Each structure stands twice: as structure tokens, then as C-alpha cells.
Amino acid sequence: MIAAAAAALSGTAALAAPAKTPVVVELFTAQGCAPCVKANELVAGMAERPGVLPLTFSVDYWDYLGWADTYAKPAFAERQRAYVSRLQLRDPYTPQVVIDGRVQVSGAKPQDVDKLIREAAETGRNPPDMLMRQDGKVAVGSGPAPRGGGEVWLVRYDPKPTEVQVRRGENRGETIVYRNAVRDVVRLGAWSGRPRVYSVPAGEDAGLESVVLVQAAKGGRVIGVLKP
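Residues numbered from 1 in each chain as written. Predicted model: local features only at pLDDT ≥ 70, side-chain atom pairs only at ≥ 80, totals over all residues. Heavy atoms only, no water.

A.B. asks: Just checking my understanding: could you explain the layout of surface pockets for this structure?
C.D. replies: Over the atoms rolls a probe the size of a water molecule, and in doing so it shows where empty space is left. What the largest pocket holds in volume is close to 220 Å³. Considering the residues around the largest pocket, the lining is formed by A75, E78, R79, A82, E151, W153, V185, R187, Q215, K218 and G219. Breaking the lining of the largest pocket down by element, the ones donating at least two residues are α3 (74-86), β8 (150-158) and β11 (181-191). Per-element accounting of the lining of the largest pocket gives the leading share, four residues, to α3. In this structure, the second largest pocket occupies an estimated 180 Å³ of space. For the second largest pocket, the lining is made up of 14 residues, of which V52, L53, Y157, N180 and K227 are closest to its centre. With three residues, strand β3 (residues 52-58) is the largest single contributor of residues to the lining of the second largest pocket. Tallied by class, the residues present in the lining of the second largest pocket amount to nine nonpolar, one polar and four charged. (1 Å grid on protein atoms, 1.4 Å probe; cavity = no way out; pocket = protein on both sides within 12 Å on 5 of 7 lines; lining within 4 Å. Points joined across faces, edges and corners; volume = space filled by probe spheres on them. Helix = DSSP H or I, 4+ residues; strand = E, 2+ residues; numbered from the N terminus. Nonpolar A, V, L, I, M, F, W, Y, C, P; charged D, E, K, R; others polar.)

Following this line, the structure appears as C-alpha cells:
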């Protein structure tokens, strides 16, 4: 079994995970949410920040206010609800920033967001080895699994700067700025702390970039990050 795991994680590998795991900053936002305009700008500005990986998830539960979010998917709100449950919050809200799956703060409080990012960067980690193989599959090595097990997620996002002009609702006339706007999120499977190889579904948009996250199950802390 050891030999098989070594082969999975070495001979066919195309790229290894970076030595230092970036801080994952997830913004849950909506085009129909007035405070989200500044929060989007805040997180978009982190796209070039070393050691930080911002990801912007649009949710659809404010669509009834008059504007249907053009980037929202039900899976994004489902991901946020998992964090709400894990972090013992009463309800989901926007703009919400979740940092490394460990802590959360309002995206309308930039100083608090920055403080938590700096604290997360100083937190010790022990991520598993992660490799994107030449056959397109992802290999995750052994490591200490969180209580309740872990999960491996594929997130596809658009790295290009984009803007959306809102024509109705609270943000009528506003322009929403995006960087790293998430287009798809897929659970690849469970991770128990033992080496495993995961199939990756083909992407339809060649302009998107991908990141693989290993995290505690059901909205838990981020353990490992692979940016192919």
C-alpha cells in the first residue's frame, strides 16, 4: 500500500503544492446587497496579495429584492450554510468573509478582515502532500485527519477583473467589481487521512482557474490548498 501511495503521489505528478499554504479568504456576497459593493472591492484587491487566495461566492437569497444575481448558484449558498452551522451562527448574511474555514467576520469591516488574515498566516499548519497528476487526477497524501473526517473540493473561478452593472434593487446604478469570482464548486470526495486519488470533472470554460481544497467535513477548517 505504501508503494502504491508513493507511485500515486510521485511518478505521474505534474505539480506539487506550494511550500507555504495560502490563506483562503471566502467572500459570500450578492449583487442585490448594498454593503456588498465595498466588500467586493476589498476582496478583489487581495487578488495580487502574496500568501492570500480570495474567492468570491455569489448567493441568491437576496434576489427577491429586485435583482437576480448573475453569478449566484445554489451550491454557493449551500457552502455558506455549512459554515453558518459549523461556526454556530444564527443565519447566513452578506457580506460575510470566512477565513481558512476557521473564523468569520463581516466584509463591511476591512480592518477586522485584515487582522484575521494576518493571524491566519501565522497559524501553524500540517497539510498533506497534494499533487495534480499528468492524467488530470488529484492525489492527496497522508496526514492528520480532522475529527469527523475531511473533504476534498474543487473550486473553479475567473481570475480576470470583471464588472456587473446592477439595474434594479438596492444597488440600482452601482457597478459591482469582481476578481476570482467563483463559477463552480464540486466535492471530489472524502479524505480520511490516508493517501487517495480523486477524479476531476472536465471544465467547460478554458478561461477559468482551479484550486483544490482539503478541509474538515461540513464547513470545517481548511487543511490544504493545491493551486495547479
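A.B. asks: Help me understand the pairing of strand β10 (residues 175-178), please; the structure alone is not making it clear to me.
C.D. replies: Walk down a regular strand and you will see the side chains alternate between the two sheet faces. Residues I176 and Y178 line the buried face of β10, whereas the alternating positions T175 and V177 sit on a face that is not buried. Both strand β9 (residues 162-165) and β10 contribute to a ladder of four bridges, which runs antiparallel. In the strand pairing of β10, E163 is matched with V177. (Buried < 20%, exposed > 50% of the residue type's maximum accessible area, 1.4 Å probe, protein only. Pairing = 2+ DSSP bridges.)

A.B. asks: When you look at the confidence of the model for the chain in this model, what are you seeing that I'm missing?
C.D. replies: Segments scoring low in pLDDT should not have their predicted coordinates read at a detailed level. Looking at the chain, pLDDT values average 91 and 92% of them are 70 or higher. Note that pLDDT drops below 50 for residues 1-6; the model gives that stretch two contacts with residues more than four away or on any other chain. Here residues 11-18 is modelled with pLDDT under 50, and outside its nearest four sequence neighbours on either side it reaches 24 contacts, counting other chains as well. (pLDDT = per-residue confidence, 0-100. Contact = heavy atoms within 4.5 Å.)

A.B. asks: Would you mind going over the side chain of T29 with me for this structure?
C.D. replies: Mapping T29 onto the fold places it in strand β2 (residues 23-29). We classify T29 as buried; its relative accessible area is 0%. Apart from residues lying up to four places away in sequence, T29 is in contact with C36, N40, T56, F57, S58, V59, D69 and T94.

A.B. asks: Would you mind showing me how to read the nonpolar core here?
C.D. replies: Where a protein is soluble and globular, its nonpolar side chains tend to be buried together. Judged by nonpolar contacts, the single largest core of 22 residues is most densely connected at L55, F57, V155, V182, V211 and V225. Those elements that place two or more of their residues in this core are β2, β3, α3, β8, β11, β13 (209-216) and β14 (222-226). In contact with V155, other than residues within four places in its own chain, are L55, F57, V182, D184, V185, E209, S210, V211 and L213. Among the nonpolar cores identified, the runner-up in size contains 14 residues, and A39, I99, I117 and A120 belong to it. (Core = buried A, V, L, I, M, F, W, Y, C linked by side-chain atoms within 4.5 Å.)

A.B. asks: Got a minute to help me understand the environment of Q80 in this structure?
C.D. replies: Take Q80: it is sitting in helix α3. Judged by its relative accessible area of 0%, Q80 falls in the buried class. Those residues within four positions of Q80 in sequence are excluded, and the remaining contacts are F28, V59, Y61, P92, Y93 and Q96. Of the polar contacts made by the side chain of Q80, one reaches the backbone oxygen of Y93; its length is 2.8 Å. (Polar contact = N/O pair within 3.5 Å; in protein donor to acceptor, adjacent residues only side chain to side chain.)

A.B. asks: I tried to follow the environment of M130 on my own but got confused; where do I start?
C.D. replies: Tracing the sequence through the fold places M130 in strand β6 (residues 130-133). Expressed as a C-alpha distance, the spacing of M130 and V212, which sit 82 residues apart in the sequence, is 8.8 Å.

A.B. asks: Can you help me understand the pattern of salt bridges in this one?
C.D. replies: Close approach of charged atoms allows side chains of opposite charge to pair. Scanning the model with the defined rule gives 13 salt bridges in all. One salt bridge in this structure joins K38 and E41, with 3.9 Å as the shortest N-O distance. You can see K38 and its partner E41 sitting in helix α2 (residues 36-44), three residues apart, about one turn around the helix. Using a relative accessible area of 61% as the deciding quantity, one classes K38 as exposed. In this structure, the salt-bridge partner of R183 is D158, at a minimum N-O distance of 3.7 Å. Here R183, found in strand β11, pairs with D158, found in strand β8; they are 25 residues apart in sequence, far enough to count as distant. (Salt bridge = Lys/Arg side-chain N within 4 Å of Asp/Glu carboxyl O.)

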